[in-house]
Amino acid sequence: MTVSTCWRRRPARGARPGDVFFGNYICVIPHTDAAFVAVSKNAVTFLKKVARHNALGRWPDDTVDVHRAIGYSEESSFLVKVAHWRQWQREHGPRRVFAVWRDPVERIESTYALFCLAGAPHDYFSMLGLQRDPSLERFFAFLEWEWSKTDPLLQDEHVRAQVDYYGPGDVDDVVSLGALHDYLRDRGIDFRPERSNASGQGFRLTDSAQIGRVQAHYAADYAIEVTVS
Amino acid sequence: MKALQRFERSWFHDPGACVVVPGQLAVVVVHGCGATFTKRVAYAHRYGSWVRHAHEVHALVGRSTDSPFLVPLADLDGQGLHRVAVWRDPVERFSATYARWCEGPTSHPYARFAGLSAGVDRWRFLRFIEWEFGKSDPSDMVEELRPQSASWQPEQVDEVVGVEDLVPVLRRFGARPRPRSRPVRPVAADVPVEVARKVQQLYAADYALVGRELPWVS
């Protein structure tokens, strides 16, 4: 299996409302001085593999396993809530934190291609019927629903705005997706070049109104200063 | 990349009808219309114990027609069972689901994903129902919001009863609900008029099940 299922878990009984989606975490890459903000659809599966690889000394091929191994909460030795990061560094020493930036339109195209067109396992998308009826009209209605949730942590993490994962003061570098491999090499972080979770659908939005709607909603993401590109 | 999982079946279930008294009585299972209660009675009739917690009832009796208790409604034709459908006013059913999902913590996974947590107002809940109605196949709708008319039609059943009349029917066939147990919890009748109207419009087919004109609230 090459597609992630791990982020799609059913909420446990008694879980808090914010627990149903992946929260805002920084993931530590062991045996390096690096850590990254785990932003969904921004090469996060690949970066989790990098973290696991640097912990174990071997590249994890199984996407599901790597998500399980990294975990979903601070019970994981890899994950620290963005809000707790400064405290964590005081206790464990400084790390240079980076976030990957991806064009929001491309990010939405990728989400749609992966979960609606390719039918990657995803409980919420299944419940919404977006895998049996993957029309763009329904997908955009879903986006409007998610975007209208007042608390970003209650939004599906794949469509949560990048600015809602971290603030400018939380990261040292913002790396464009296309520059990620070079950035890791420059920092001496060992990895195997791959494009994890690539939907392979080659899907692109063509409707200018839909593109404009995505660009308008994610205007703040476009204002993020990309420092490595 | 090939599709890893094309969902040929809905995520949600079609529970069909619950055989409450084998050989005699089956009740169409419609969530929000005494479904959990019906399953409790069916389990108690067969095994003698009254299961208290709803999630246990659904685990024991099952949620789909894979269960020995649950049978597709069409399969009951010619079996000699008395087939009962329980009807509930859609506005009352709306209120009951709203109360369960949006007036306190809910464990319903879909409600939680959709952010229908405590504090969500009825208009937003209604907007979510409209999303469900936008699905092209009613079987894709979550059970609690699926119209009753998607589960049964009058010609498929022998008797239609209001949810408040379910207990006497069960007793008539020898099933013994626990004393003072109720098919559904009472709900507050404080739905804003405009919301009620919208619910009535959406669920017009449910009113037609019992031959009612739309009872427009004024």
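Not measured: the values here are computed from a predicted model.

A few points about the overall build of chain A
Phase 1: Summing up its helical and strand segments, chain A has nine helices and five strands in all.
Phase 2: Ordered by position in the sequence, the α and β elements of chain A form the string β-β-α-α-β-α-β-α-α-α-β-α-α-α.
Phase 3: By residue count, 58% of the 229 residues in chain A fall in the buried class.
Phase 4: Sequence-distant contacts, at least 24 apart, represent 70% of the contacts inside chain A between residues at least 6 apart.
Phase 5: When the accessible surface of chain A is split by element, carbon and sulfur atoms take 47% of a total near 9,500 Å².

A look at the sheet that holds strand β5 (residues 173-176) of chain A
Within a sheet, adjacent strands bond to each other through the backbone by hydrogen bonds, running parallel or antiparallel.
Residue and element names in this part refer to chain A.
Phase 1: One open sheet holds the five strands; their spatial order is β3-β1-β2-β4-β5, and the pairing between them is mixed. Each edge of the open sheet carries a strand with a single partner, namely β3 (79-81) and β5. In this sheet, adjacent strand axes meet at a mean angle of 30 degrees when their direction is disregarded.
Phase 2: Direction of pairing for strand β4 (residues 96-101) relative to β5: parallel, over a ladder of four bridges. Within the sheet, the bridge partner assigned to F98 lies in β5 and is D173.
Phase 3: Relative to the sheet, helix α1 (residues 44-56) contacts β1 (25-28), β2 (34-37) and β4, its axis offset from that of β2 by approximately 155 degrees.

Re unusual backbone geometry
Residue and element names in this part refer to chain A.
Phase 1: Unusually for a residue other than glycine, H31 sits at a positive phi of about 60 degrees.
Phase 2: Note that H31 resides in the loop between β1 and β2.
Phase 3: Judged by relative accessible area, H31 falls into the exposed class, the value being 71%.
Phase 4: Positive phi, normally seen in glycine, also occurs at A43, with a value near 65 degrees.
Phase 5: With respect to the element layout, A43 can be found in the loop between β2 and α1.

Overview of the sheet that holds strand β1 (residues 17-21) of chain B
All names here are of chain B.
Phase 1: With mixed pairing, the five strands of this open sheet are ordered in space as β3-β1-β2-β4-β5. The open sheet has two free edges, formed respectively by β3 (70-71) and β5 (159-162), since each of these has just one partner strand.
Phase 2: Here strand β2 (residues 25-28) runs beside strand β4 (residues 82-87); their pairing, made up of three bridges, is parallel. Within β4, the position partnered with L25 by the bridge is H82.

Side note on helix α2 (residues 54-61) of chain B
Phase 1: All buried positions along α2 of chain B are accounted for by V57, H58 and V61 of chain B. On an axial view of α2 of chain B, the arc spanned by its buried residues comes to 95 degrees, and they lie on one face.

Describing the pattern of salt bridges
Phase 1: Applying the stated criterion to the full structure yields 21 salt bridges over all chains.
Phase 2: For R68 of chain A, the salt bridge goes to D65 of chain A, with nearest N and O atoms at 3.9 Å. With R68 of chain A and D65 of chain A both in helix α2 (residues 63-70), this residue pair falls three residues apart, about one helical turn.
Phase 3: For the salt bridge of E109 of chain A with R204 of chain A, the shortest nitrogen-to-oxygen distance reads 3.6 Å. Placement of E109 of chain A in helix α4 (residues 104-117) and of R204 of chain A in the loop between α7 (180-186) and α8 (208-217) is noted, with a sequence separation of 95 residues between them.
Phase 4: Through salt bridges with shared partners, a single network forms among R132 of chain A together with D137 and D140 of chain B.

Some thoughts on the environment of K149 of chain A
Phase 1: With respect to the helices, strands and loops of the structure, K149 of chain A is situated in the loop between α6 (136-147) and β5.
Phase 2: Discounting chain neighbours no more than four positions away, the residues touching K149 of chain A are F21, Y124, L154 and Q155 of chain A together with F113, A114, G115 and R124 of chain B.
Phase 3: Side-chain polar atoms of K149 of chain A contact the backbone oxygen of F113 of chain B, separated by 2.6 Å.

Section: the nonpolar core
Phase 1: Counting 94 residues, the largest nonpolar core has F142 of chain A together with V20 and L116 of chain B as its most contacted members.
Phase 2: A per-element tally of this core places α4 of chain A first, with seven residues.
Phase 3: Once residues lying within four places of it in the same chain are set aside, the contact partners of F142 of chain A are Y124, F125, L128, L130, D156 and V159 of chain A together with W131 of chain B.
Phase 4: By size, the runner-up hydrophobic cluster in this structure holds 28 residues, among which are A43, F98, L180 and F191 of chain A.

Structural notes on the confidence of the model for chain B
Residue and element names in this part refer to chain B.
Phase 1: Per-residue confidence for chain B gives a mean pLDDT of 91, with 95% of residues at or over 70.
Phase 2: Across residues 1-5 the pLDDT falls below 50, and counting only partners more than four positions away or on other chains, this stretch makes 14 contacts in the model.
Phase 3: Predicted as a complex, the structure gets a pTM of 0.89 and an ipTM equal to 0.89.

Brief notes about the packing of helix α3 (residues 90-102) of chain B against helix α7 (residues 193-202) of chain B
Residues and elements named next belong to chain B.
Phase 1: Packing of α3 against α7 leaves a shortest axis separation of 9 Å and a crossing angle of 110 degrees. What the angle tells us is that α3 and α7 run roughly perpendicular. Once α3 is placed against α7, the crossing between them reads as right-handed. Residues P90, V91 and F94 of α3 touch α7, and the partners they reach there are V195, A196, V199 and Q200.
Phase 2: Grouping the constituent residues of the contact of α3 with α7 by class yields six nonpolar, one polar and no charged.

About the cut-offs
Residues numbered from 1 in each chain as written. Chains lettered and ligands numbered in written order. Predicted model: local features only at pLDDT ≥ 70, side-chain atom pairs only at ≥ 80, totals over all residues. Heavy atoms only, no water. Helix = DSSP H or I, 4+ residues; strand = E, 2+ residues; numbered from the N terminus. Buried < 20%, exposed > 50% of the residue type's maximum accessible area, 1.4 Å probe, protein only. Contact = heavy atoms within 4.5 Å. Areas by Shrake-Rupley, 256 points an atom, 1.4 Å probe, with all protein chains shown as cover. Pairing = 2+ DSSP bridges. Axes fitted to C-alpha atoms, helices over the stretch in contact; angles between N-to-C directions. Arc of directions from axis to C-beta. Salt bridge = Lys/Arg side-chain N within 4 Å of Asp/Glu carboxyl O. Polar contact = N/O pair within 3.5 Å; in protein donor to acceptor, adjacent residues only side chain to side chain. Core = buried A, V, L, I, M, F, W, Y, C linked by side-chain atoms within 4.5 Å. pLDDT = per-residue confidence, 0-100. Parallel < 35°, antiparallel > 145°, perpendicular 65-115°, else oblique. Left-handed = near helix turned anticlockwise from the far one by under 90°. Nonpolar A, V, L, I, M, F, W, Y, C, P; charged D, E, K, R; others polar.

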